[in-house]
Amino acid sequence: MAADALLLLSFGGPERPEDVMPFLENVTRGRGVPPERLAEVAQHYLHFGGVSPINALNRDIIKAIEAEFAARGIDLPVYFGNRNWYPMVEETVERMRADGIRSALVFPTSAWGGYSGCRQYHEDIERARAALDSDAPQLEKLRQYFDHPLLIESFADAIRAAVAELPADRRDSARLVFTAHSIPVRADTVDGPPAEGGGLYRRQVFEAARLCAAATGFDDYDVVWQSRSGPPQVPWLEPDIVDHLDVLAEAGERAVVVCPVGFVSDHLEVIWDLDNEAKARAAELGMAFARAATPGTDPRFARMVAELVEEHLTDAEPRRLGAVPGFGCTRNGLPCTPGCCGAPIPEGH
C-alpha cells in the first residue's frame, strides 16, 4: 500500500491529576475491575503528580522518527493517537482526513501478537475509521517487531549497562530476569491463529528474552510477569516479578538485573512496578537490583520504525532474528490472519 502519513498509535495516559480516574475507567471499561483496585492504581499515578510519562515519551519518539525520516528522505508526516486518553485516535484520524491524508501506515507501541498487544490495535483502527464516513483514510498496521535486530540490540546494550550498575563483586553472579505485562491465562490460550496452537504473545516474549540473553552472554535467565489487573479470581500469567524475587532470594541469589522486555518505554507500569515495588522488595531481601532501560529513547528505535516503513513500502524481506511466528499487518482493522487472537474465522478457512 502506498502511504502519505504514519500514525503512531499508543495506549495513552493522564497528564493531570483530574484525568487519572476517567483514564482508568476508559482502560478498564467492561472488564469488571473492582472500584477499590482502580483507586489503588490511581494512587500509583498520583504518586507521580497524576501524570503518566507515556505521552511525553511518545512525543519524543515521534520527534526521533521525524528526524530519521528526514535523514532517509521519507516524506511522511507523523501523527499521534491513543486508545484511552487524549489525543484520542478517533480525533487524530479525523484530523488526518481534514489534512488530506488518504492512506497511512500505523505503528503501534506494542511489539507483540495477542489480543492486547496486537488485535486491540486493529480494533482501535476500525473504531476510528467507523467514526467517520466513507472518506476515512485507509489505515494499514505495520507488523509485529518483537524480534527485530535493532530492538534486540537496544535491549542487549541496556542489559549490559544495568549489569555495570551493580556492585562490582556481584556482577558476575547476577541473575537476569525478563518481565512483560501479564495477561489472563484464558486470553493466552486464544492468542494467535488456531494453527499456531495459541499462546502467541507468551511465546514471542520468551523468544525475545532468549534473543536478548544470547546477545549478552547469559546462558540462564528467567521470564516473569508484572502489572496484572482485573478481578483477583481470574488467573493471569505468573509468576509476578515481586514474588519471583522472593524465590531468587531463597535460592541464594544476591543480585538481579531486570529487563522489561515487554515494554517500549519507561511508562508508569515500568517505573512503578519495577523501579518502586520490585526495587524496594529486592532491598528488603538484601539483593542488589538494577533495571535495564527500555528502547524508546535509543536512536535505534526510530531507525527500526523507519526500516519497518521502508520494508512495507518496498516489499523488502523482513529483518527478523527469531523463529516464533509474527503477524499483525492488516488494513483497516481486519484480522491479520484467519482466526488470529479470537477473531472470527471466515467461511472457507
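Report follows, based on the coordinates. Treat the numbers as computed from the prediction; the structure is a model and nothing was measured.

Okay, the environment of Y201 next. Looking at the secondary structure, you find Y201 in helix α8 (residues 200–216). A relative accessible area of 6% means that Y201 is categorised as buried. Put simply, Y201 and M88 are 113 residues apart on the chain and 25 Å apart in space, counted from C-alpha to C-alpha. Residue contacts for Y201: discarding those within four places in its chain leaves W112, G113, G114, A180, H181, I183, D191 and W225.

Here we have five strands laid out as an open sheet, ordered β2-β1-β3-β4-β9, and mixed in their pairing. Of all the strands in the sheet, just β2 (78–82) and β9 (330–331) have a single pairing partner and so form its edges. Relative to β2, helix α3 (residues 54–72) is tilted by about 160°, and along the sheet it contacts β1 (6–10) and β2. Set on the sheet, helix α5 (residues 115–130) makes contact with β1, β3 (103–108), β4 (138–141) and β9; between it and β4 the angle comes to about 175°.

On to the sheet that holds strand β7 (residues 255–259). Spatial ordering of the open sheet is given by β6-β5-β7-β8, a layout of four strands whose pairing is parallel. Here the strands that pair on one side only, and so sit at the sheet edges, are β6 (222–226) and β8 (288–291). The sheet shows a mean angle of 30° between the axes of neighbouring strands, direction not considered. In this structure, β7 lies alongside β8, joined through four bridges in parallel fashion. Of the residues in β8, the one forming a bridge with A255 is A288. Each of β5 (175–181), β7 and β8 touches helix α6 (residues 149–165); the most contacted strand, β7, lies at about 155° to it.

This part takes up the packing of helix α4 (residues 89–98) against α5. At their nearest, the axes of α4 and α5 sit 8 Å apart, and the two run at 55° to each other. In terms of axis orientation, α4 runs oblique to α5. Handedness of the α4/α5 crossing: right-handed. Side by side, α4 and α5 meet where V89, E90 and V93 of the first sit next to D124, R127 and A128 of the second. Tallied by class, the residues present in the contact of α4 with α5 amount to three nonpolar, no polar and three charged.

In this section: the pattern of salt bridges. All told, the structure shown has 25 salt bridges when counted by the stated rule. For E153, the salt bridge is made with R300, and the minimal N-O distance between the two is 3.9 Å. One end of the pair, E153, is in helix α6; the other, R300, is in helix α11 (residues 299–314), with 147 residues separating them in the sequence. Under the relative-accessibility criterion, E153 is labelled partly exposed at 37%. With a relative accessible area of 16%, R300 lands in the buried category. For R281, the salt bridge is made with D246, and the minimal N-O distance between the two is 2.7 Å. Taken together, the positions of R281 in helix α10 (residues 268–284) and D246 in helix α9 (residues 241–250) put the pair 35 residues apart, joining distant regions of the chain. Among the charged side chains, a network of salt bridges with common partners joins E153, D157, R160, D298 and R300.

Cut-off values and rules
Residues numbered from 1 in each chain as written. Predicted model: local features only at pLDDT ≥ 70, side-chain atom pairs only at ≥ 80, totals over all residues. Heavy atoms only, no water. Helix = DSSP H or I, 4+ residues; strand = E, 2+ residues; numbered from the N terminus. Buried < 20%, exposed > 50% of the residue type's maximum accessible area, 1.4 Å probe, protein only. Contact = heavy atoms within 4.5 Å. Pairing = 2+ DSSP bridges. Axes fitted to C-alpha atoms, helices over the stretch in contact; angles between N-to-C directions. Parallel < 35°, antiparallel > 145°, perpendicular 65-115°, else oblique. Left-handed = near helix turned anticlockwise from the far one by under 90°. Nonpolar A, V, L, I, M, F, W, Y, C, P; charged D, E, K, R; others polar. Salt bridge = Lys/Arg side-chain N within 4 Å of Asp/Glu carboxyl O.

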